Amino acid sequence: MDPGQSIVVREVSKVYDDAVPPIEALRDVDLTVEPGRFVSVIGVSGSGKSTLLRIVGGLTEPSRGSVEIAGTAPRDAQHRKSIGFVFQDPALLPWQTVVANVELPLRVNRSAHRATRYQTDDLIDLIGLQRFRGAYPHQLSGGMQQRVALARALIHAPSVLLMDEPFGALDEITRGTMRYELLRIWSQTRKTVLFVTHSVAEAIVLSDTVVVLTGQPGRVNDVVPIDLPRPRDESVEQSRAFLDLQARLRAALMGD
Amino acid sequence: MRRETGLTPPSRAPLSISDGEGTGVRPSAPSPSEMERGRGGEATPSRGGVARALRDHWPTPVALILVAVVWEAWVRWTHTPAYLVPAPSAILGRAVGGWQYFLGEATVTLAEAFAGLLVASAGALSAALVMAHARWAERAFFPLAVVVKVTPIVAIAPLLIVWLGFGPAPKIAVAALISFFPILSNAVTGFRSVNPRALEFFHSLHASRREILLELRLPHALPYLFSAYKVAMTLSVIGAVVAEWFGADHGLGHVIILANANFDMTTLAAAVLALAIIGISLYAITDALERRCLFWHESNLSTQVDR
């Protein structure tokens, strides 16, 4: 089983120069995700958390500082197909079935010669959509579409999984169940995960560590280890420790 | 709710990763049979067949017949001579009686129109591909395309005959010029109108431009291309007919000019009828093809809701 690789962010700053006036999104952000760990980044809107994730994924260049995935630059990680991305918008290909959508990463950049991959059937079983293998995205609910996006991000066995508010567009109840779905899937795959969200509860339930970004430009205000025992289920949200963590993170988000 | 919480109990065993060189790799799209299965009964209105078509579309033929009957009655009642307004029965009689003649001339016009459409497609699609990737190319060449579009085709048709002679070449050129712009402008928009998150997903895998084109841009452009071809198909026929007016010895345009000179309105109207049938058929074929190919697109999903 591939344990995943580390993510190291060193003194990353980002200024969008083409905006008038220039927008400073991030300043001197340091962050480390150990192999196989689940780290969440929370922050209010405009704190630069999505920008940070895009820089880690090599979709945006930092103005200063550097990012390493398994010791190499994000662009090299893209080359090796070491990155699995999940966005808030599932962004599935509407003309293709669930199976074809999940297998998309196998059809592009074939020269990357990744020796490993997951079996499509295994992943579709894992996300619980075996009855919908031949269905098209428009026939699926929002939660199901997002699960297909998750399987698509995993099929090529990436070393790191980057998730940008993946449940942000879902209704409250679906959102509440999807976080435990993700926990279950993660416990089976044990990827290194960097997860961006604005939901404090979601961050606590999922993570080993929560990084709080505040301000404009965004900076790391707090790094909170989540020592709740795993495996975690819905009952964790009623525990004393959870409520304490929630209070601490809420305070950190407010900028204390 | 049940759909959201997972349909099976989670498997206990960790997921296995297969060896890439082993038997497990299947990096291709699903087989055609799989695609077909998923699509079955989706947007193709095959169920119900003829009965359903009759139920849905009966007003169209009824209206047509009604118009023809009124027209026929009016011509007979007022004793209007055929060189002014021919009766529908006479037009139909001429068309049916001389069907081999009309079919032959129509084939000539259609061949010119299709050749023009092919030329226009090759030019417009490759230009659109370049423009979709490079803004400078769009700024440089799109105004030229607009100039071609706004130039009245009738104005340059005689010129093209002078340049290209009396053979099929000027007809193909006019058909190509007239259908070039709708294909170009729709294709540029289509190639660009990709889901930005999907594009970023491709980038995160370091997909090549070619892969992005084939897997993402081209399918996304299909709805735009279909509306382009619905317009361009019929335009190309118009282009060929107009070019035939200025010098041809075959084709429906030639038939029309000749009949006009002879005050033979019945033949003229029969030729127009042939053109109308061609236009409707081309449109219907494109439309049917579109429904089949774009079963996933909003335009078709909303009509399903309407039913």
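Structure: see above.
Residues numbered from 1 in each chain as written. Chains lettered and ligands numbered in written order. Predicted model: local features only at pLDDT ≥ 70, side-chain atom pairs only at ≥ 80, totals over all residues.

### A short note on the overall build of chain B
Put simply, the test is: Only DSSP runs of H or I with at least four residues qualify as helices, and only runs of E with at least two residues qualify as strands; both kinds are numbered from the N terminus onward. Exposure in this text rests on C-beta crowding, where 20 or more other C-beta atoms within 10 Å of a residue's own make it buried, 12 or fewer make it exposed, and counts in between make it partly exposed. The C-beta atoms are placed from the backbone. Residues are defined as contacting one another if the C-beta atoms placed from their backbone atoms lie within 7 Å.
Within chain B one finds 13 helices and one strand. Helices and strands appear in chain B in the N-to-C order β-α-α-α-α-α-α-α-α-α-α-α-α-α. Classification of the 307 residues of chain B by burial places 30% in the buried group. Within chain B, contacts between residues separated by at least 24 positions form 76% of all contacts whose residues are at least 6 apart in sequence.

### Some thoughts on the pairing of strand β9 (residues 209-214) of chain A
Residues and elements named next belong to chain A. Spelled out, the test is: The criterion for strand pairing is that DSSP finds at least two bridges linking the strands in question.
Note: strand β3 (residues 38-42) against β9, four bridges, orientation parallel. Looking across to β9, one finds that S40 is bridged to V210. In this structure, β9 lies alongside strand β10 (residues 219-225), joined through six bridges in antiparallel fashion. Considered in β10, the bridge of V210 is made with V224.

### A closer look at helix α7 (residues 172-189) of chain A
Residues and elements named next belong to chain A. What counts here: One less than the number of residues in a helix, times 1.5 Å, gives the span that helix is expected to have.
For α7, spanning 18 residues, the distance from its first C-alpha to its last is 26 Å, which sits close to the expected 26 Å at 1.5 Å a residue. All of the buried residues along α7 are T174, R175, M178, R179, E181, L182, I185 and T189. If you follow the buried residues of α7, they end up packed against α5 (120-126), α6 (142-154) and α8 (200-206). Once α7 ends, the next one or two residues include R190, with phi positive near 55 degrees.

### Topic: the sheet that holds strand β2 (residues 23-33) of chain A
Residues and elements named next belong to chain A. Under the convention used in this document: Working convention: axes come from line fits to C-alpha atoms, limited for helices to the stretch in contact. Angles between N-to-C directions cover 0 to 180 degrees.
With antiparallel pairing, three strands are arranged side by side in an open sheet as β2-β1-β4. Of all the strands in the sheet, the pair left with one neighbour each is β2 and β4 (64-69). The mean inter-strand angle of the sheet, taken between neighbouring strand axes irrespective of direction, is 20 degrees. With seven bridges connecting them, strand β1 (residues 7-16) and β2 associate as antiparallel partners. Following the sheet pairing, V12 is matched in β2 by V29. Docked against the sheet, helix α1 (residues 49-56) engages β1, β2 and β4, running at close to 120 degrees with respect to β1.

### Considering the environment of B:A155
Topologically, B:A155 is positioned in helix α7 (residues 153-164). B:A155 sits 26 residues away from B:F181 along the chain, and the two C-alpha atoms are 17 Å apart.

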